[in-house]
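# Descriptive analysis of the structure
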Amino acid sequence: MHKFTEIILSSTDILKVESLAKARDAKKSKFGSGRHGKLTDSSEQSHFYGLAGEVAICKYLNIPLDETIYSDHGDEGYDLIIMGMKADVKVATHPAAQYNPWLKVPCGSKKDKDKLEKSDIFICCSYDIKRTVRVWGWVDKATLKNRKPSDPIKNSRTGKPGPVNYIVKKNELENIQKLVLTSAE
């Protein structure tokens with residue numbers, strides 16, 4: 001069985017996530033809501049899920065959360081810096097992700113490829129309505145890029161094809177504790 005690290009977010013954590021998600025979503029009036037806004041959930045909800053993963057990892061690793069709000073563009077292409085490595089946190093919310101998550105990193109467009117180059121590692125999380133984040137593991141950029149991009153996966157909520165992704169399944173992910181040990185060397 002693949003081990004995961006489970007972090008339960010406190011009420012204070014949730015308030016912080018909600019506040020930052022609302023602030024980050026405000027730029028949609030200038031730029032639109034992006035890919036995630038086309039799903040059933042709002043773009044603010046997408047920001048919420050991502051931030052829940054970021055807060056959980058920061059809590060677990062005792063590192064600071066990047067609370068920067070970019071009003072004129074998206075983030076810098078990564079979410080956190082973990083012991084000198086730029087980390088992109090991906091959070092799945094589908095109920096199946098609580099047991100069998102896939103790390104999916106978009107790679108189909110030039111913009112996706114450019115963003116992918118800005119991170120050193122990619123962390124797979126899942127979030128459930130009980131305020132629980134499961135950190136399933138991580139991969140480095142070389143491992144991620146050393147695989148064939150997927151065909152677009154049909155979104156089960158909208159029925160529309162999603163982006164082209166690099167996909168890493170849970171049994172291929174490195175445990176988050178190994179990340180701490182690796183970066184300490």
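Residues numbered from 1 in each chain as written. Predicted model: local features only at pLDDT ≥ 70, side-chain atom pairs only at ≥ 80, totals over all residues. Heavy atoms only, no water.

Assigned secondary structure in the protein consists of 6 helices and 7 strands. Along the protein, helices and strands appear, N-terminal first, in the series β-α-α-α-β-β-β-α-β-β-α-β-α. Carbon and sulfur atoms make up 53% of the accessible area of the protein, which amounts to about 10400 Å² in all. (Helix = DSSP H or I, 4+ residues; strand = E, 2+ residues; numbered from the N terminus. Areas by Shrake-Rupley, 256 points an atom, 1.4 Å probe, with all protein chains shown as cover.)

A word on the packing of aromatic side chains. A complete count under the given rule lists 4 aromatic pairs for this structure. Measuring from centroid to centroid gives 4.7 Å for Phe4 and Trp136, while their planes differ by 50°, and the two rings are tilted. Here Phe4, found in the segment before strand 1 (5-8), pairs with Trp136, found in strand 6 (residues 132-140); they are 132 residues apart in sequence, far enough to count as distant. Judged by its relative accessible area of 2%, Trp136 falls in the buried class. Chaining the aromatic ring pairs together yields one cluster made of Phe48, Tyr49 and Tyr127. The residue whose ring lies beneath Arg134 is Tyr99, and the NZ or CZ to ring-centre distance is 5.8 Å. (Phe/Tyr/Trp six-rings, centres within 6.5 Å; stacked < 30°, edge-to-face > 60°. Buried < 20%, exposed > 50% of the residue type's maximum accessible area, 1.4 Å probe, protein only. Lys NZ or Arg CZ within 6 Å of the ring centre and 35° of its normal.)

Following the sequence through the fold, Lys141 ends up in helix 5 (residues 141-145). At 3.2 Å, the side chain of Lys141 and the backbone oxygen of Ser119 are in polar contact. Discounting chain neighbours no more than four positions away, the residues touching Lys141 are Leu116, Glu117, Ser119, Asp120 and Phe122. (Polar contact = N/O pair within 3.5 Å; in protein donor to acceptor, adjacent residues only side chain to side chain. Contact = heavy atoms within 4.5 Å.)

This part covers helix 1 (residues 11-25). End to end, helix 1 covers 21 Å across 15 residues, agreeing with the expected 21 Å (1.5 Å per residue, within 8%). Listing the buried residues of helix 1 in full gives Asp13, Ile14, Val17, Leu20, Ala21, Arg24 and Asp25. Buried positions in helix 1, seen along its axis, are confined to an arc of 135° and lie on one side of it. Opposite the buried face of helix 1, by more than 90 degrees, sit the exposed residues Thr12, Leu15 and Lys22. (Expected span 1.5 Å × (residues − 1). Arc of directions from axis to C-beta.)

With that out of the way, let us pick up the nonpolar core. With 31 residues, the main nonpolar core has Leu9, Ile57, Ile82 and Ile123 as its most contacted residues. Where this core is concerned, the elements lending two or more residues are helix 1, helix 3 (43-61), strand 2 (80-82), strand 3 (85-92), strand 5 (121-128), strand 6 and helix 6 (176-184). With 9 residues, helix 3 is the largest single contributor of residues to this core. Those residues in contact with Ile123 that sit more than four places away from it in its chain are Ile57, Ile82, Ala87, Asp88, Val89, Lys90, Leu103, Val135, Gly137, Trp138 and Leu179. Cys107, Cys124, Val168 and Leu173 belong to the second-largest nonpolar core, a separate cluster that totals 12 residues. (Core = buried A, V, L, I, M, F, W, Y, C linked by side-chain atoms within 4.5 Å.)

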